Amino acid sequence: MQLTIPKGFFMGAAMSGPQTEGAYKKDHRLESFWDHWSDLSVSDFYNKVGSYVGNDFYERYEEDIKLFKSLHLDSFRTSIQWTRLMDQDQKLNPEGAAFYHKVCACAKENDIELFMNLYHFDMPYYLFARGGWENREVVEAYAVYARTAFREFGKEIRYWFTFNEPIVEPDQEYRHGAWYPFLKDEKRGMQVQYHIALAHSLAVREFRKAKEEGYLLKDAQIGLINAFAPPYTKEDPTPEDLEALRMTDGIHNRWWLDLSTSGTLPGDVLETLKACGMAPEMRPGDEEILKCGRVDWLGFNYYQPTRVQAPKEKVDEAGYPKFADPYIWPERRMNVYRGWEIYPKGIYDFGMKMKREYPDMKFFISENGMGVEHEDRFRNEEGEIQDDYRIEFVQDHLEWVMKAIEEGANCVGYHYWGVIDNWSWSNAFKNRYGFIEVDLMGNYQRKLKKSAHWVKALIERRDGIG
Ligand code: BG6
């Protein structure tokens with residue numbers, strides 16, 4: 001069956017500043033958390049490729065936006081880097097601002113809607129050194145940064161986002177010990193998660209204020225982007241498995257969904273955390289701040305489902321209560337390069353959850369994509385990568401999106417992650433996600449893959465052209 005997408009449904013590209021821009025020391029950009037980690041131990045990064053390079057977007061933004069246009073993509077998301085826009089005195093860096101003004105102008109010239117995110121795991125290092133998200137002053141500093149960005153670009157950007165996947169830093173840096181500083185401390189992770197919820201809410205408050213004061217476009221909107229995937233457990237669960245599901249869903253999804261739809265945090269989760277001594281420190285007045293956290297719409301990043309079961313051990317290595325263990329579904333299909341399960345129906349299940357539980361909130365699929373290693377293997381005689389696996393991946397997911405829409409989900413778009421190959425944190429350039437290849441041995445030259453032609457034809461069908 002030929003896939004068709006509805007008219008007016010956003011089809012675009014997702015990317016981020018720290019993964020694409022490069023130019024890490026240009027125009028007085030500050031050192032980021034990633035630059036610091038790269039300097040400290042570059043062998044933690046695949047092929048020793050640290051945070052410095054991106055995919056050369058800083059120099060090639062015009063070419064890239066024109067490429068988006070040539071594929072008929074109607075929108076793209078990137079992020080402002082806090083390190084580029086602000087100086088250490090929390091004042092605007094005019095050279096950094098000039099770059100983002102050029103990006104906004106170029107998107108406009110090409111008639112592409114720009115979705116601008118303010119934070120994609122990329123804290124300025126001097127703030128990280130002061131305790132990062134564990135420190136309330138950093139929460140305040142983020143609000144200053146957000147206010148500065150709204151005032152500076154308010155007439156150029158319609159769609160704003162406070163955070164991309166706010167769950168990732170508490171998880172990767174504080175709970176799982178996967179990213180520098182490699183901590184495994186659930187309690188500190190919870191404090192970080194709470195402070196990010198406050199930072200999000202303060203930024204939304206700044207956005208509303210900036211709108212009232214006339215700095216923003218009249219129809220400007222603010223959103224939050226998260227990996228909201230609904231968790232699953234065994235088909236025949238015990239009450240303990242269901243409890244594991246409740247807390248996983250509570251910390252990963254409901255925490256952000258309740259915050260962004262009703263300006264509160266889930267009471268049952270806070271109670272459980274309190275009962276086991278893991279509740280974050282809250283101050284008088286915080287409730288009022290959190291109330292500001294309601295947004296206009298949401299982004300849903302989806303790569304893989306979360307599957308959990310009751311934990312074998314009651315406490316973790318540090319002595320904190322464990323809420324869940326991973327559950328390996330016997331029928332799972334894997335993206336072996338990334339080690340992530342491929343389960344397109346998860347996108348539909350989320351759409352149905354939104355329809356049932358948060359019917360007034362519209363959302364879009366803000367990331368979905370397939371990273372594959374050694375794509376050179378798939379070149380044809382003309383040198384073009386034949387990434388049929390990627391076409392199949394996107395088609396399967398979009399089919400479930402369309403089914404969710406048919407059944408009433410308020411989903412208004414789809415952004416593919418990494419339309420142009422980019423730098424993937426500690427995996428650097430190991431797995432390539434793009435419809436467009438970046439030749440690292442050929443001065444970052446861009447080349448279309450087979451999937452680029454496929455997505456172009458898909459959008460042409462939507463628009464009745466071609
Ligand atoms: C998302 C992030 O979680 O997944 C992106 O928002 C990231 O920044 C993407 O690049 C793919 O994951 P990875 O680790 O393969 O780059």
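Refer to the structure above for everything that follows.
Residues numbered from 1 in each chain as written. Predicted model: local features only at pLDDT ≥ 70, side-chain atom pairs only at ≥ 80, totals over all residues. Heavy atoms only, no water.

1. Some details on the sheet that holds strand 2 (residues 75-79)
Then, in step 1: Strand order in the closed barrel formed by 8 strands is 1-2-3-4-5-7-12-14, with parallel pairing between adjacent strands. When the angles between neighbouring strand axes are averaged without regard to direction, this sheet yields 25°.
Then, in step 2: Note: strand 3 (residues 113-117) against strand 4 (residues 159-164), 3 bridges, orientation parallel. From the neighbouring strand, F115 faces strand 4, where its bridge partner is Y159.
Then, in step 3: Sheet strands touched by helix 7 (residues 136-153): strand 4 and strand 5 (221-226). Its angle to strand 4, the strand with the most contacts, is close to 160°.
Then, in step 4: The strands that helix 10 (residues 239-262) touches are strand 5 and strand 7 (297-301); relative to strand 5, the one it contacts most, it runs at about 175°. (Pairing = 2+ DSSP bridges. Helix = DSSP H or I, 4+ residues; strand = E, 2+ residues; numbered from the N terminus. Axes fitted to C-alpha atoms, helices over the stretch in contact; angles between N-to-C directions. Contact = heavy atoms within 4.5 Å.)

2. Side note on unusual backbone geometry
Then, in step 1: Across the junction of Y180 and P181, the peptide omega takes the value 5°, indicating a cis bond.
Then, in step 2: Take P181: it is sitting in the loop between helix 8 (168-175) and helix 9 (186-212).

3. Some thoughts on the sheet that holds strand 6 (residues 231-232)
Then, in step 1: Strand order across the open sheet formed by 3 strands is 6-8-9, with mixed pairing between neighbours. Two strands bound the open sheet, and with one partner strand each, they are strand 6 and strand 9 (325-326).
Then, in step 2: Pairing of strand 6 with strand 8 (residues 306-309) involves 2 bridges; the strand directions are parallel. Residue pairing for strand 8: P231 is matched across the bridge by T306.

4. Focus: the pattern of salt bridges
Then, in step 1: All told, the structure shown has 41 salt bridges when counted by the stated rule.
Then, in step 2: Ionic pairing is found between E367 and R77, a salt bridge with its closest N-O pair at 2.9 Å. Note that E367 is positioned in strand 12 (residues 362-367) and R77 in strand 2, a separation of 290 residues in sequence. Of the two residues, E367 and R77, both sit in the buried class. (Salt bridge = Lys/Arg side-chain N within 4 Å of Asp/Glu carboxyl O. Buried < 20%, exposed > 50% of the residue type's maximum accessible area, 1.4 Å probe, protein only.)

5. A short note on the nonpolar core
Then, in step 1: By size, the foremost hydrophobic cluster in this structure holds 146 residues, and its most contacted members are F76, I80, W82, W133, Y142, W160 and W255.
Then, in step 2: The biggest single contributor to this core is helix 9, with 12 residues.
Then, in step 3: Among the nonpolar cores identified, the runner-up in size contains 7 residues, and F115, Y159, F161 and I225 belong to it. (Core = buried A, V, L, I, M, F, W, Y, C linked by side-chain atoms within 4.5 Å.)

6. Details of helix 14 (residues 388-406)
Then, in step 1: Taking 1.5 Å per residue as the helical rise, helix 14 with its 19 residues ought to reach 27 Å, and the 27 Å between its terminal C-alpha atoms agrees with that figure.
Then, in step 2: Taken as a whole, helix 14 has its buried residues at Y389, R390, I391, F393, V394, Q395, H397, L398, V401, M402 and A404.
Then, in step 3: Trailing helix 14 by a residue or two, G408 shows a phi angle of about 105°, which is positive. (Expected span 1.5 Å × (residues − 1).)

7. A word on the packing of aromatic side chains
Aromatic rings considered in pairs are described by the distance between their centres and by the relative angle of their planes.
Then, in step 1: Evaluation of the coordinates by the stated rule reveals 64 aromatic pairs.
Then, in step 2: Judged by centre distance (6.4 Å) and plane angle (65°), the ring pair of F33 and W37 falls under edge-to-face. In this pair, F33 and W37 both sit in helix 2 (residues 33-40), 4 residues apart, roughly one turn of the helix.
Then, in step 3: Relative to Y180, the ring of F128 has its centre 6.0 Å away and its plane inclined at 40°; by these criteria the two rings are tilted. With F128 in helix 6 (residues 125-128) and Y180 in the loop between helix 8 and helix 9, this pair connects stretches of sequence that are 52 residues apart.
Then, in step 4: Accessibility expressed as a relative area gives 12% for F128, which makes it buried. (Phe/Tyr/Trp six-rings, centres within 6.5 Å; stacked < 30°, edge-to-face > 60°.)

8. With respect to the packing of helix 10 against helix 11 (residues 267-275)
Then, in step 1: Their axes nearest at 9 Å, the elements helix 10 and helix 11 cross at an angle of 120°. It follows that helix 10 is oblique to helix 11 by the angle criterion. Crossing of helix 10 against helix 11: the hand is left-handed. Residues R246, M247, G250, I251, R254 and W255 of helix 10 pack against D268, V269, L270, T272 and L273 of helix 11.
Then, in step 2: By residue class, the composition of the contact of helix 10 with helix 11 is 6 nonpolar, 2 polar and 3 charged. (Parallel < 35°, antiparallel > 145°, perpendicular 65-115°, else oblique. Left-handed = near helix turned anticlockwise from the far one by under 90°. Nonpolar A, V, L, I, M, F, W, Y, C, P; charged D, E, K, R; others polar.)

9. Focus on the side chain of H200
Then, in step 1: Inspection of the secondary structure assignment puts H200 in helix 9.
Then, in step 2: A distance of 2.8 Å separates a polar atom in the side chain of H200 from the backbone oxygen of G293.
Then, in step 3: The residues contacting H200, other than those within four sequence positions of it, are T162, F163, L224, L259, G293 and V295. (Polar contact = N/O pair within 3.5 Å; in protein donor to acceptor, adjacent residues only side chain to side chain.)

10. Digging into the site of the ligand
Then, in step 1: Around the ligand, the structure places 14 residues, and the nearest of them are Q19, E165, R338, S424 and Y433.
Then, in step 2: At 2.8 Å, a side-chain N or O of E367 approaches an oxygen atom of the ligand.
Then, in step 3: Here an oxygen atom of the ligand sits 2.6 Å away from a polar atom, N or O, in the side chain of S424.
Then, in step 4: In isolation the ligand offers 380 Å² of accessible surface; the protein chains occlude 93% of this area. (Near = heavy atom within 4 Å. Areas by Shrake-Rupley, 256 points an atom, 1.4 Å probe, with all protein chains shown as cover.)

11. A short note on helix 10
Then, in step 1: Taking 1.5 Å of rise per residue, the 24 residues of helix 10 would be expected to cover 34 Å, yet its terminal C-alpha atoms sit only 29 Å apart, more than 12% below that figure.
Then, in step 2: Approximately 50° is the largest bend angle found in helix 10, and it occurs at G250. (Bend = angle between axes of the 7 residues up to and from the residue.)

12. Here we look at the packing of helix 7 against helix 9
Packed helix pairs are characterised by how far apart their axes lie and by the angle those axes make with each other.
Then, in step 1: One can describe the packing of helix 7 onto helix 9 by two numbers: an axis separation of 9 Å at closest approach and a directional angle of 30°. The orientation of helix 7 with respect to helix 9, classified from their angle, is roughly parallel. By crossing handedness, the relation of helix 7 to helix 9 is classed as right-handed. In this structure, helix 7 contributes R136, V139, E140, Y142, A143, A146, R147 and F150 to the contact, and helix 9 contributes H195, L198, A199, L202, A203, E206, F207 and A210.
Then, in step 2: Residue composition of the contact of helix 7 with helix 9, grouped by class: 11 nonpolar, 1 polar and 4 charged.

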